[in-house]
Structure formats: C-alpha cells, structure tokens
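# Chains, contacts and geometry: an overview
Here is how the chains run, residue by residue.
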Amino acid sequence: MYRFLWTRQWVILTIVAIALIPAMIRLGFWQLHRHEHRVALNEVISASLAARPVPAESLTAPGATVKHADLYRKVTAKGHFDTANEEVVRRRTNADDKVGYHVLTPFVLEDGKVLMVNRGWVPADASQTAFPKIPAPERGEITVTGRLMPDETTADSGIKNVKGLPERQVMLINSVQQAERLGEEVLGGYVQLTSPVPKDGSPELLPEPEHSDIGPHLAYAVQWWLFAAGVPVGWVVLLRREARERAQAAAQAGAQETEPASV
C-alpha cells in the first residue's frame, strides 16, 4: 500500500523533512539563547544605571577590558578635556535616527592618564569630509560623569574599521587605537558623557539604553519548535492523502475493468 514511499518524489520529500526537524530545533534554541542573553543584559544595565557613580579608574585601567558586569556603570573622573586631539566617529545616529557623528574627546586625568569621552551626537555636514563645528566643553579642571562602555570592535559591532578616512574621523571607539594615536596611557573602554550637560544642548547627549524590552526572541523560539513539530505531522497528512488517492484510483480502475461490455 505504501510502496510509493520508494518513489523519487517521496524519498526527496522524506529526506528534506528529516533534515528540517533538527535544523528548526537548533534555530529555536538559538533564539532562546538570544532571549536569555537579552534578559541578562537588561539586568546588568538596570543594575548599573541604579548604582552610585564610582571613580572610572576603579573599574578600568590602561590596556584593560571593561567587564560585562560593569557595562553602563556610572563612573566619574576629574581632569580636563583635550579638544586639540578631539575626533568624531562617523555614521552614528541620534534618538531621531538622523545620521551624524559622535564627538570623541580625550579627557586628561589628574594623574596624566587619558579617558576617552563620547560627548554626544552632532549632525553631519553635506560633504561628510570636513571636520564639523563642535561646541567646546567646559574649560579647565572639571568632574565628568558618564556610562562606562567597552571598546568597540568590528566583531562585536559589525562596523568595518575603514581606513583612509578624512582627518580626525574614525569608525570605531577603541582605546588601544587611541593610545597609539595619542602616545599616552589610555584607560580601557570609554565613557558616554551624562554630566555636565552642554549649555546649548550640543553635542546632544546619548540617551540611556533601553533595558525593559526583552524582544521577540522567545516567541521566535516557540515558533521554530512548533514548525519542527509540524513537519512530521504534515508528512503524515501528505502520506495518508497520497495513499487514499492511490487507493481510490486503483478502485476506479478495477471497477472499470469489471464493467460488462455494452451490446
């Protein structure tokens, strides 16, 4: 009755079905892992934003890697801005998704070390080649507060570290590259400035990260697993339909053969 299973069409269909089931199960677990990572990250961000600020040098040092648990941790530093060595980070968006630059300014600490500070977003000019006009920060010795961030890399961000950019423009914020450029000891990672707030609103400070949304990954995981469960069910439905149609066709052919010839 089911000899048709050995036909080319059904052999291919069965192989595809067998291959789809584990693939869909793995995709479900991949989405589950993304969900778990998102939940864990939200917890880290929430704890960091709620914690009291601590000195930046208590969490990072020259050549150090910012720990995951310290992501977005509020830190303070005392020193002065070195605007002569200021750079901008290309193709960054603000809260309204407008494309511009992030302003990256070295902040020289009292002990001579340097902390890279992202002072916020400014719009790009039409050419995107000339260095934009950027309002200067407060002069002299001040205390800054901001959110501690790890160094950006192409692997983590997906942003290519393009060479040959216009002068004083970069694609990534990376303390190792900045240490080579400045010839100074640069603390690992960088800081997103939150205080002092620019008097004229520019550069535009970066907003706090979203940490309440868990995303759709759990729902996607359940969907993939339902798809995986649906594959054998669909295969059985097609099998029974094929068997029924073949049985009906055989019955009709047998009936036609037994009909008496008309005189």
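Reading the values: rules and limits
Residues numbered from 1 in each chain as written. Predicted model: local features only at pLDDT ≥ 70, side-chain atom pairs only at ≥ 80, totals over all residues. Heavy atoms only, no water. Buried < 20%, exposed > 50% of the residue type's maximum accessible area, 1.4 Å probe, protein only. Helix = DSSP H or I, 4+ residues; strand = E, 2+ residues; numbered from the N terminus. Arc of directions from axis to C-beta. Contact = heavy atoms within 4.5 Å. Phe/Tyr/Trp six-rings, centres within 6.5 Å; stacked < 30°, edge-to-face > 60°. Lys NZ or Arg CZ within 6 Å of the ring centre and 35° of its normal. Polar contact = N/O pair within 3.5 Å; in protein donor to acceptor, adjacent residues only side chain to side chain. Pairing = 2+ DSSP bridges. Salt bridge = Lys/Arg side-chain N within 4 Å of Asp/Glu carboxyl O. Core = buried A, V, L, I, M, F, W, Y, C linked by side-chain atoms within 4.5 Å.

## What about helix α3 (residues 175-182)?
- For α3, every residue scored as buried is listed here: S175, Q178 and L182. Buried residues of α3, seen end-on, are gathered within an arc of 55 degrees and therefore sit on one face of the element.
- Against β3 (87-93), β4 (99-109) and β5 (114-123) lie the buried residues of α3.
- One or two steps after α3, the chain reaches G183, where phi turns positive at roughly 70 degrees.

## Points about the packing of aromatic side chains
- For the structure on display, the rule yields five aromatic pairs.
- The interplanar angle of 65 degrees and the centroid separation of 5.6 Å between the aromatic rings of F4 and W10 together place this pair among those described as edge-to-face.
- A relative accessible area of 4% means that F4 is categorised as buried.
- Of the residues examined, W10 reaches a relative accessible area of 3% and is grouped as buried.
- An aromatic cluster of at least three residues, connected via ring pairs, comprises F4, W10 and W235.
- The residue whose ring lies beneath R119 is F81, and the NZ or CZ to ring-centre distance is 5.8 Å.
- Here R168 stacks its cationic end above the ring of F131, 3.9 Å away from the centre of that ring.

## Concerning the side chain of R92
- With respect to the helices and strands, the residue R92 is situated in strand β3.
- Side-chain polar atoms of R92 contact the side chain of E152, separated by 2.8 Å.
- If near-sequence neighbours (up to four positions away) are discounted, R92 is found in contact with K98, V99, G100, Y101, H102, W121, E152, I159, M171 and L172.

## What about unusual backbone geometry?
- Cis rather than trans, the peptide bond between S195 and P196 has omega equal to 5 degrees.
- Residue S202 is joined to P203 through a cis peptide bond whose omega torsion reads -5 degrees.
- With respect to the helices and strands, the residue P203 is situated in the loop between β8 (190-195) and α4 (217-258).
- Of note, the phi angle at Y72 is positive, near 65 degrees, even though the residue is not glycine.
- You can call Y72 buried: its relative accessible area is 14%.
- Located in the positive-phi region is R168, a residue other than glycine, with phi close to 65 degrees.

## A few points about the pairing of β5
- Most of β5 is tucked away, with nine of its ten residues classed as buried.
- Pairing of β4 with β5 involves nine bridges; the strand directions are antiparallel. From the neighbouring strand, V108 faces β5, where its bridge partner is V114.
- Hairpin connection of β4 to β5: four residues between the antiparallel strands, including G112 at a positive phi of 95 degrees.
- The pairing of β5 with β8 spans two bridges and is classified as parallel.

## Remarks on the pattern of salt bridges
- One pass over the full model with this rule turns up seven salt bridges.
- Salt-bridge contacts for E86 lead to R119; the nearest nitrogen and oxygen are separated by 2.7 Å. In this pair, E86 sits in the loop between β2 (74-81) and β3 while R119 sits in strand β5, placing the two residues 33 residues apart along the sequence. Across the pair, exposure class does not vary: E86 and R119 are buried alike.
- Among the ionic pairs, R246 bridges to E242, the shortest N-O distance being 2.9 Å. Taken together, the positions of R246 and E242, both in helix α4 and four residues apart, correspond to about one turn of that helix.
- Residue classification places R246 among the partly exposed residues on the basis of a relative accessible area of 41%.
- Given a relative accessible area of 19%, E242 falls into the buried group.
- Through salt bridges with shared partners, one network takes in E57, D111 and K113.

## Thoughts on the nonpolar core
- Within the largest apolar cluster, 17 residues are counted, with the highest numbers of intra-cluster contacts made by L71, Y72, V114 and M116.
- Elements represented by at least two residues in this core include exactly α1 (8-50), β4 and β5.
- In terms of residue count, the dominant contributor to this core is α1 (four residues).
- Not counting residues up to four positions away in its chain, the partners in contact with M116 are L104, T105, P106, Q178, L182, V186, Y190 and V191.
- Core analysis: the second largest hydrophobic core is formed by 16 residues, A56, F81, L115 and L187 among them.

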